[in-house]
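# Secondary and tertiary structure notes
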Amino acid sequence: MSQEPQGRAGVEGPSARRPAGSSTVGPSTPAEAPRRRQEDGAPQDDCLFCKIVAGHVPANVVQETDTTVAFRDINPQAPTHILVIPKVHHPDVASLAAAEPAIAADLLREAGEVASEEKLESYRIVFNTGGGAGQTVFHAHAHLLGGRGMQWPPG
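Since the structure is predicted, the reported quantities are computational estimates derived from the model, not experimental observations.

Now for the side chain of His89. Inspection of the secondary structure assignment puts His89 in the loop between strand S4 (80-86) and helix H2 (93-99). Separated by 3.4 Å, the side chain of His89 and the backbone oxygen of Phe138 make a polar contact.

Further remarks concern unusual backbone geometry. Omega for the peptide link from Trp152 to Pro153 comes to 0 degrees, which places this bond in the cis form. Positionally, Pro153 belongs in the segment after strand S6 (142-146). For Lys119, which is not a glycine, the phi torsion comes out positive at approximately 60 degrees. Relative to the assigned elements, Lys119 resides in the loop between helix H3 (101-117) and strand S5 (123-126).

Attention now moves to the packing of aromatic side chains. Enumeration over the complete set of coordinates arrives at 1 aromatic pair. Centroid distance Phe49 to Phe71: 5.6 Å. Interplanar angle 75 degrees. Geometry classified as edge-to-face. Placement of Phe49 in helix H1 (residues 48-53) and of Phe71 in strand S3 (residues 68-72) is noted, with a sequence separation of 22 residues between them. Residue Phe49 shares its accessibility class with Phe71, and that shared class is buried.

Calculation criteria
- Residues numbered from 1 in each chain as written.
- Predicted model: local features only at pLDDT ≥ 70, side-chain atom pairs only at ≥ 80, totals over all residues.
- Heavy atoms only, no water.
- Helix = DSSP H or I, 4+ residues; strand = E, 2+ residues; numbered from the N terminus.
- Polar contact = N/O pair within 3.5 Å; in protein donor to acceptor, adjacent residues only side chain to side chain.
- Phe/Tyr/Trp six-rings, centres within 6.5 Å; stacked < 30°, edge-to-face > 60°.
- Buried < 20%, exposed > 50% of the residue type's maximum accessible area, 1.4 Å probe, protein only.

Set out below in structure tokens:
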């Protein structure tokens, strides 16, 4: 899984997307990533998604921006099942939205962009918040599901 930096021409700032196979994400040295408390978005040593963001754990990255990373779920629940995560650590989407609303908006915008690039005509974006709702990785993330019919109510 090669991950080399590759920006999109003419696009700058936090919403600049990088296509599949993009760069390792996150800082390259510990000095670039000062450790802060979990509630202020700092990477957590014990968080799987923070390790993916830092490039310490491989992922099948489909797209990356300055604020998000999108990668294929290793246990897909639909033909297309992509996780879109913020590069900052917050334990769930409610915490992310309260602390960094612009990044929460980036997450939703990017989910839509990925759905478009995956050529999904219809799709579902799911946020599980808390163990009782099925959240197993406590780093905010959106599940982008598509490629099959979705029933209501879910689960």
